[in-house]
Amino acid sequence: MHVRRRAGLLLAAALSLSLSACSVAPTAPPATAGLVTAGSTSVQGTTSTVPTGSSPVTAARLGAVTATSALGDSVPRGTGCGCTPYPQLMADDIARVAGHPVSASNDAVAGITSDGVLQQLAKDDSVTARLRNSQAVTLEVGANDVAFSPSCGTDVACYEQRLPQLESNLDAILTKVKELPAGHPIGLVVLDYWSVWLGGQYAHDQGPAYVEAASTLTKRVNEIIRAAAASTPGTVYVDLRTAFRGPDDAWDETHLLAPDGDHPNAAGHQRIAEAAATAVAAAG
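Since we're looking at a predicted model, the values are computed, not measured.

Enquirer: Explain the state of the cysteines to me, and be specific about the residues and the numbers.
Expert: This model, assessed by the stated rule, comprises 2 disulfides. At a sulfur-sulfur separation of 1.7 Å, the disulfide partner of Cys81 is Cys83. As the torsion about the S-S bond is roughly 110°, the Cys81-Cys83 disulfide counts as right-handed. Judged by its relative accessible area of 5%, Cys83 is buried. Disulfide partner of Cys152: Cys158, at an S-S distance of 1.9 Å. Of note, the bridge from Cys152 to Cys158 carries an S-S torsion of about -50° and is left-handed in sense. Given the relative accessible area of 8%, Cys152 is considered buried.

Next comes the structure, spelled out in structure tokens:
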């Protein structure tokens, strides 16, 4: 079976259950070719192509899934990639299996913090309208809350002062998103980071102090994201640190990163879509 097809089946089946119920290191295995359809980054209202040959049973269970939405920062937005970002890949997988169009609204904003996402939910009626009409929402935010700054340098304690606000904001964001839909359940997929700063060889080029600080801070941010997801019913947590760096945190993720060293490239977005499909299937 084609890997993209398999990922779509995993994601679709798990979403069906959810909706009905409610350091240069060893190199990571290369992302599977053929997962991404070439094209520009997704925009609001993009509609995926309706494939043929979808499973009729699975398609029937996914009949209610017609719209997805993405919130977050430059990673879900697709910055630095020039490829199809993972929120669109996930919508395409659902459409491929369900056999009907699935719109993918992408309201992620490059550089946004968790404060910014809260502002979107409070003040942008167009964003909340798209969320209200969606049956599945992805959220990835938090890296910019602890963005590298010359004033803090590699002093982790300096950045840790910002973490309580991130924790509070994430809880508020997930609560608000869950409250938006009327008359239908919503599935939430929350993703963390392989690194909140530069990753792979790009991080190593900054020196060992940078690598150690980035690793420590990434783990702290990811712990907060994981806890927020665990405390919100119907929410799936996606561990991108493991997806990019392996179960022993020993892989070199450089080949999954764009030339800026900060954002995923096409292979990285493929890896994220695969990791999300696997996590959602396991949660189902």
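From this point on, the discussion continues.
Enquirer: I'd like to hear about the environment of Val189, residue by residue, with values.
Expert: The residue Val189 is located in strand β5 (residues 187-191) in this model. On a C-alpha basis, the gap between Val189 and Ala279 in space is 9.0 Å, while along the polypeptide they are 90 residues apart. Sequence-distant contacts of Val189, defined by excluding residues within four places in its chain, comprise Met90, Val137, Thr138, Leu139, Val236, Val238 and Val280.

Enquirer: Lay out the pattern of salt bridges in plain terms, naming residues and giving numbers.
Expert: Inspection of the entire model under this criterion finds 7 salt bridges. Of the charged contacts, one joins Arg96 and Asp93 as a salt bridge, the two residues approaching to 3.1 Å between their closest N and O atoms. With Arg96 and Asp93 both in helix α4 (residues 86-98) and 3 residues apart, this pair spans about one turn of that helix. One salt-bridge network, in which partners are shared between bridges, spans Arg241, Arg245, Asp249 and Glu253.

Enquirer: Break down the layout of surface pockets for me, citing the residues and quoting the values.
Expert: Roughly 210 Å³ of internal volume is contained in the second largest pocket. Surrounding the second largest pocket, 16 residues form its lining, Ala143, Asn144, Val196, Asp262 and His263 being those nearest its centre.

Enquirer: Any details on the packing of aromatic side chains? Residues and values, ideally.
Expert: In this structure the tally under the stated criterion is 5 aromatic pairs. Between Tyr159 and Trp197 the ring centres are 5.1 Å apart and the planes differ by 65°, which places this aromatic pair in the edge-to-face class. Placement of the pair is Tyr159 in helix α7 (residues 156-160) and Trp197 in the loop between β5 and α9 (200-204), with a sequence separation of 38 residues. Judged by its relative accessible area of 0%, Tyr159 falls in the buried class. Between Trp197 and Tyr210, the ring centres sit 5.2 Å apart and the planes meet at 45°, which makes this aromatic pair tilted. Residue Trp197 is found in the loop between β5 and α9, and its partner Tyr210 is found in helix α10 (residues 208-230); the two are separated by 13 residues along the sequence. Judged by relative accessible area, which is 3%, Trp197 ranks as buried. According to the relative accessible area criterion, Tyr210 is buried, its value standing at 8%. Every member of this aromatic cluster is reached through a ring pair, and the members are Phe148, Tyr159, Trp197 and Tyr210.

Enquirer: Which residues make up the side chain of Thr235, and what values do they have?
Expert: Looking at the element boundaries, Thr235 is found in strand β6 (residues 235-238). Polar side-chain contacts of Thr235 include one of 3.1 Å to the backbone oxygen of Thr232. With residues near it in sequence (within four places) discarded, Thr235 still touches Lys178, Leu188, Val190 and Ala229.

About the thresholds
Residues numbered from 1 in each chain as written. Predicted model: local features only at pLDDT ≥ 70, side-chain atom pairs only at ≥ 80, totals over all residues. Heavy atoms only, no water. Disulfide = S-S within 2.5 Å. Buried < 20%, exposed > 50% of the residue type's maximum accessible area, 1.4 Å probe, protein only. Helix = DSSP H or I, 4+ residues; strand = E, 2+ residues; numbered from the N terminus. Contact = heavy atoms within 4.5 Å. Salt bridge = Lys/Arg side-chain N within 4 Å of Asp/Glu carboxyl O. 1 Å grid on protein atoms, 1.4 Å probe; cavity = no way out; pocket = protein on both sides within 12 Å on 5 of 7 lines; lining within 4 Å. Points joined across faces, edges and corners; volume = space filled by probe spheres on them. Phe/Tyr/Trp six-rings, centres within 6.5 Å; stacked < 30°, edge-to-face > 60°. Polar contact = N/O pair within 3.5 Å; in protein donor to acceptor, adjacent residues only side chain to side chain.

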